[in-house]
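# A closer look at the structure
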Amino acid sequence: MPEELKMEVSLPELKEGIAFDFSSASEKDVAYAISYCSEKIDALTFAYSGIEVQALDKALSKYSGKGPKEAGAAILSVKSLREVFKDAIDDRPALISVAGCYFFSKLPGRFGFSPKIRPDMAQSSIQPKLFAPGTRISLVSKYKDWVAIKKLFLEPDMQKWEIAGILAGINETLVKKAFDFAGLDKAKLDAKAAALTKGKRKSYQSIGEAVKGIEGTPAEAAYLYNSILSTFEVLPYANRPMLSKQYPDIKGPKMRGRKPKA
């Protein structure tokens with residue numbers, strides 16, 4: 001199996017094949033390629049999930065500021081985020097976790113930081129080669145010991161949630177591996193995240209308090225934000241666990257922690 005990343009998506013909103021040659025790539029090159037692909041499918045996954053993203057975008061438009069400290073303060077200013085999320089779930093309570101993940105994936109952008117590694121954080125000159133995709137969604141990748149193979153062949157009668165499931169599985173892999181290859185001191189950052197969340201009640205208010213303490217480079221801030229949110233079982237990117245309550249056939253890795261209370 002060659003050292004490369006190939007992703008194919010054949011949907012009305014995105015028809016694209018993307019290939020990166022990893023034969024002489026550095027870890028920063030791989031982080032760039034991975035984050036480049038995640039940028040393509042993260043928002044698309046939410047669009048197929050069943051939530052009304054426009055309702056959440058409207059709510060998010062009320063926020064603006066600079067940095068995690070002001071983002072944390074904005075979270076603390078909301079009386080009940082669950083009430084905000086209800087506008088996006090069309091009386092399907094099991095989708096509240098999807099709405100929460102979407103909200104927290106977009107909130108950092110209102111305050112000038114990112115919830116994950118972005119391509120511009122990796123400082124790479126590696127370039128994608130584009131090709132015509134087949135009638136499937138797939139990720140096939142290998143770099144050193146990392147191997148990922150995820151495929152779904154598209155059928156005319158396929159439900160949107162099925163498509164969201166495979167997109168989410170690909171995206172969660174990409175987001176996690178981008179952090180792995182970004183050159184971060186994860187042990188130090190994990191200790192910082194643990195200190196920020198230590199002893200805190202599992203709630204959205206606690207998330208706000210912890211987010212206010214985020215400091216560091218853009219990549220470090222993204223990692224800390226992810227670590228804090230995952231402690232409270234809310235991931236700030238499209239993932240399979242957020243979908244599994246509404247769509248039990250979607251299986252994904254269990255997250256640590258408990259879901260926060262409003």
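The residue numbers shown here count from 1 along each chain, following its written sequence. Predicted model: local features are reported for residues with pLDDT of at least 70 only, side-chain atom pairs are reported and counted for 80 or more only, and whole-chain, interface and lining totals are derived from all residues. To get the side-chain values, all heavy atoms of the structure are used, and hydrogens and water are removed first.

All right, on to helix α8 (residues 204–211) then. Relative accessibility decides the category of a residue: with a 1.4 Å probe and only protein chains considered, values under 20% of the type maximum give buried, values over 50% give exposed, and everything between is partly exposed. A run of DSSP states H or I qualifies as a helix once it reaches four residues; a run of E qualifies as a strand once it reaches two. Both are numbered from the N-terminal end. In terms of residue burial, α8 counts as a mostly covered element, since six of its eight residues are buried. Among the residues making up α8, those that are buried are Tyr204, Ser206, Ile207, Gly208, Ala210 and Val211. Summarising the contacts, the buried residues of α8 are in contact with α3 (67–76), α4 (81–86), α5 (96–106), α7 (186–197) and α9 (218–231). In this analysis, two residues are considered to be in contact whenever any of their non-hydrogen atoms come within 4.5 Å of each other.

A few words on the pattern of salt bridges. Oppositely charged side chains may form a pair once their charged atoms are brought near each other. When a carboxyl oxygen of Asp or Glu is within 4 Å of a side-chain nitrogen of Lys or Arg, the pair counts as a salt bridge. Scanning all chains against the criterion turns up 11 salt bridges. In this structure, glutamate 39 engages lysine 116 in a salt bridge whose closest nitrogen and oxygen atoms are separated by 3.5 Å. Here glutamate 39 is found in helix α1 (residues 27–47), whereas its partner lysine 116 is found in the loop between α5 and β3 (129–131), with 77 residues between them in sequence. The class for glutamate 39 is partly exposed, based on a relative accessible area of 41%. Judged by relative accessible area, which is 6%, lysine 116 ranks as buried. The shortest N-O distance in the salt bridge between aspartate 120 and arginine 118 comes to 3.0 Å. Residue classification places aspartate 120 among the exposed positions, given a relative accessible area of 55%. Residue class for arginine 118 comes out partly exposed when judged on its relative accessible area of 27%. A network of salt bridges, in which partner residues are shared, links Glu39, Asp42 and Lys116.

Here a patch means residues that are over 30% exposed by relative accessible area and free of salt bridges, tied together within 9 Å if like-charged and within 5 Å if nonpolar (Val, Leu, Ile, Met, Phe, Trp, Tyr). Only the protein chains shown count as cover for residues, with accessible areas throughout obtained via the Shrake-Rupley method and a probe of 1.4 Å. Positive residues here are Lys and Arg, negative ones are Asp and Glu, while His and the chain termini are left out of the count. To locate a charge, take atom NZ for lysine, CZ for arginine, CG for aspartate or CD for glutamate. On the surface, a cluster of negative charge is made up of Glu155, Asp157, Glu162 and Asp249. Mapped onto the fold, glutamate 155 is located in the loop between β5 (146–153) and α6 (160–180).

When DSSP locates at least two bridges between a pair of strands, those strands are taken to pair. An order of β3-β2-β1-β4-β5 is seen for the five strands of this open sheet, with the pairing classed as antiparallel. Two strands close off the open sheet at either side, each with one partner strand: β3 and β5. Strand-to-strand twist in this sheet, taken as the mean axis angle between neighbours without regard to direction, amounts to 15°. Pairing analysis gives eight bridges linking strand β4 (residues 136–143) to β5, with the strands arranged antiparallel. Within the sheet, the bridge partner assigned to serine 138 lies in β5 and is lysine 151. Packed onto the sheet, α1 meets β1 (4–11), β2 (14–21), β4 and β5 and runs at close to 170° relative to β2. Under this scheme, a helix contributes an axis fitted over its contacting stretch, all axes are lines through C-alpha atoms, and angles between N-to-C directions fall in the 0 to 180 degree range. Lying on the sheet, α6 is in contact with β1, β4 and β5; it crosses β5 at an angle near 165°.

The subject of this paragraph is the confidence of the model for the protein. Mean pLDDT over the protein works out to 93, with 96% of the residues at or above the 70 mark. Predictor confidence is given residue by residue as pLDDT, running from a minimum of 0 to a maximum of 100. Low pLDDT, under 50, characterises residues 255–262; the predicted model gives this stretch 34 contacts beyond four residues in sequence or across chains.

Another point: the nonpolar core. The biggest cluster of nonpolar side chains holds 95 residues, and the ones touching the most others in it are Met7, Phe20, Phe85 and Phe104. Ignoring any residue separated from it by four or fewer positions in sequence, one finds methionine 7 in contact with Glu16, Gly17, Ile18, Cys37, Lys40, Ile41, Phe131, Ser138, Leu139, Ile170 and Leu174. Residues belong to one nonpolar core when they are buried, are Ala, Val, Leu, Ile, Met, Phe, Trp, Tyr or Cys, and are joined through side-chain atoms within 4.5 Å.

Turning our eyes to something else, we now look at a nonpolar patch on the surface. Nonpolar side chains collect at one region of the surface, where Met1, Val147 and Ile149 lie side by side and expose about 300 Å² of accessible area between them. Here isoleucine 149 shows up in strand β5.

Another point: helix α2 (residues 53–60). Of the positions making up α2, those classed as buried are Val53, Leu56, Ala59 and Leu60. Axial view of α2: buried residues confined to an arc of 120°, hence all on one face. Exposed and oriented more than 90 degrees from the buried face of α2 are Gln54 and Lys58. Packed against the buried residues of α2 are α1, α4 and α5. Working definition: the arc comes from the directions between the helix axis and the C-beta atoms, pointing outward to the latter.

With that settled, consider the side chain of asparagine 171. Following the sequence through the fold, asparagine 171 ends up in helix α6. The class for asparagine 171 is buried, based on a relative accessible area of 0%. Polar contact is the term for a pair of N or O atoms within 3.5 Å; when the atoms are in protein, one must be able to donate a hydrogen and the other to accept it, and sequence-neighboring residues count only if both atoms are side-chain atoms. A polar side-chain atom of asparagine 171 sits 3.5 Å from a polar atom in the side chain of aspartate 42.

To continue, consider the pairing of β4. Of all eight residues in β4, seven are buried; the element is thus mostly enclosed. Sheet analysis places β1 next to β4, joined by five bridges and oriented antiparallel. Bridge assignment links leucine 5 to a residue of β4, and that residue is serine 141.

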